[in-house]
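# Fold and geometry: a report
One letter stands for each residue in the lines below.
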Amino acid sequence: MPKNKGKGGKNRKRGKNEADDEKRELVFKEDGQEYAQVLRMLGNGRCEAMCIDGVKRLCHIRGKMHKKVWIAAGDIILVGLRDYQDDKADVILKYMPDEARLLKAYGELPENTRLNEGIAGGLDEEDDGPGDDYIEFEDEDIDKL
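A brief report on the enclosed structure follows. (Residues numbered from 1 in each chain as written. Predicted model: local features only at pLDDT ≥ 70, side-chain atom pairs only at ≥ 80, totals over all residues. Heavy atoms only, no water.)

## Let's talk about the overall build of the chain
Convention followed: Secondary structure follows DSSP: runs of H or I at least 4 residues long count as helices, runs of E at least 2 residues long count as strands, and numbering of each begins at the N terminus. Accessibility here uses a 1.4 Å probe with only protein chains present; expressed as a share of the type maximum, an area under 20% marks a residue as buried, one over 50% as exposed, and anything in between as partly exposed. In what follows, a contact means two residues having at least one pair of non-hydrogen atoms within 4.5 Å. The Shrake-Rupley method, run with a 1.4 Å probe sphere, supplies the accessible areas, and residue values consider only the shown protein chains as cover.
Per the secondary structure count, the chain includes four helices and five strands. Each helix (α) and strand (β) of the chain, taken in turn from the N terminus, gives the series α-β-β-β-β-β-α-α-α. A burial count over the chain gives 26% of its 145 residues as buried. Summarising the internal contacts of the chain: among those between residues at least 6 apart in sequence, 51% fall at separations of at least 24. Counting every atom, the chain has about 11500 Å² of accessible surface; 48% of that belongs to carbon and sulfur.

Pasting the structure below:
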């Protein structure tokens, strides 16, 4: 069998789980950039995102983030707009859920933007009346059937 001449295997490529993202500074958009929410992942380092300006764009995940930052549908991202292609953009940054809530509180994101936690939390708010989940039949209703 040949000797291994590399510097390590899969675990070396993964690297250490560096938790330096814990307390990072909140990055706001500049000119040529826009906030967006991921609609769906397309594979091959691409995703479809709805930008805050109302345009649906095909976004390319940059190489620095490619296998290190996992992006899923519903995430809030910062994209860099292209001068020569309006329907395409490049993902610059993925906001953590708490950062996305801060952006919404600062008024950077519109109020109708639904964050990931808001989708799960909205279901509990709809259940105002007690006993909405089941129907109670009286004896007369059963006799009519």
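## A look at the packing of aromatic side chains
Here a ring pair, both rings aromatic, is described through the centre-centre distance and the interplanar angle of the planes. Stated formally: Aromatic pairing here means that ring centres of Phe, Tyr or Trp (its six-membered ring) are within 6.5 Å. Orientation follows from the plane angle: under 30 degrees is stacked, over 60 is edge-to-face, and everything else is tilted.
Applying the stated criterion across every chain, the model contains two aromatic pairs. Arranged with centres 5.9 Å apart and planes meeting at 55 degrees, the rings of Phe28 and Tyr106 form a pair that is tilted. Of the two residues, Phe28 is situated in the loop between α1 (10-14) and β1 (33-43) and Tyr106 in helix α2 (residues 97-106); the sequence distance between them amounts to 78 residues. With relative accessibility at 53%, the residue Tyr106 sits in the exposed group.

## Details of the sheet that holds strand β5 (residues 88-94)
Note the threshold: Two strands pair under a simple rule: DSSP has to find at least two bridges between them. Only the contacting stretch of a helix is used when fitting its axis, a line to C-alpha atoms as for every element, and angles between N-to-C directions run 0 to 180 degrees.
Strand order in the closed barrel made by the five strands is β1-β2-β3-β5-β4, with mixed pairing throughout. In this sheet, neighbouring strand axes are inclined to one another by 50 degrees on average, regardless of whether the strands run parallel or antiparallel. With five bridges joining them, β1 and strand β4 (residues 76-81) adopt antiparallel strand pairing. When the bridges of β4 are listed, Glu34 appears paired with Val79.

## Describing the nonpolar core
This is how the line gets drawn: In plain words, nonpolar cores are sets of buried Ala, Val, Leu, Ile, Met, Phe, Trp, Tyr and Cys residues tied together by side-chain atoms within 4.5 Å.
Counting 13 residues, the largest nonpolar core has Ala36, Cys59, Ile71, Ile77, Val79 and Val91 as the members making the most contacts within it. Looking at this core, the elements with two or more residues in it are β1, β2 (46-51), β3 (56-61), β4 and β5. The element contributing the most residues to this core is β2, with three residues. Not counting the four nearest positions on each side in its chain, Cys59 is found in contact with Gly45, Arg46, Cys47, Ala49, Val79, Ala89 and Val91. Residues Ile76, Ala100, Leu103 and Leu109 belong to the second largest nonpolar core, which totals ten residues.

## Overview of the environment of Asp53
As a reminder, the rule being used: By the criterion applied in these results, polar contacts are pairs of N or O atoms within 3.5 Å in which, for protein atoms, one can donate a hydrogen and the other can accept it, and in which residues neighboring in sequence qualify only through two side-chain atoms.
Relative to the elements of secondary structure, Asp53 occurs in the loop between β2 and β3. Sequence spacing of Asp53 and Tyr35 is 18 residues, and the spatial spacing of their C-alpha atoms is 8.4 Å. A distance of 3.3 Å separates a polar atom in the side chain of Asp53 from a polar atom in the side chain of Arg57.

## What about the pairing of β5?
Both β3 and β5 contribute to a ladder of four bridges, which runs parallel. Across the sheet, Ile61 pairs through a bridge with Val91, a residue of β5. As paired strands, β4 and β5 are joined by five bridges and run antiparallel to one another. Directly across from Ile77, in β5, lies its bridge partner Lys94. Following β4, the chain reverses through six residues before pairing antiparallel with β5.

## Examining the pattern of salt bridges
Selection rule: For this document, the term salt bridge refers to a Lys or Arg side-chain nitrogen within 4 Å of an Asp or Glu carboxyl oxygen.
For the structure shown, the criterion picks out seven salt bridges. Across the salt bridge formed by Asp86 and Arg57, the nearest N and O atoms sit 3.1 Å from each other. Placement of the pair is Asp86 in the loop between β4 and β5 and Arg57 in strand β3, with a sequence separation of 29 residues. A salt bridge links Asp75 to Lys94, with the nearest nitrogen and oxygen atoms 3.6 Å apart. Note that Asp75 is positioned in the loop between β3 and β4 and Lys94 in strand β5, a separation of 19 residues in sequence. Pair check on accessibility: Asp75 and Lys94 agree, each one buried.

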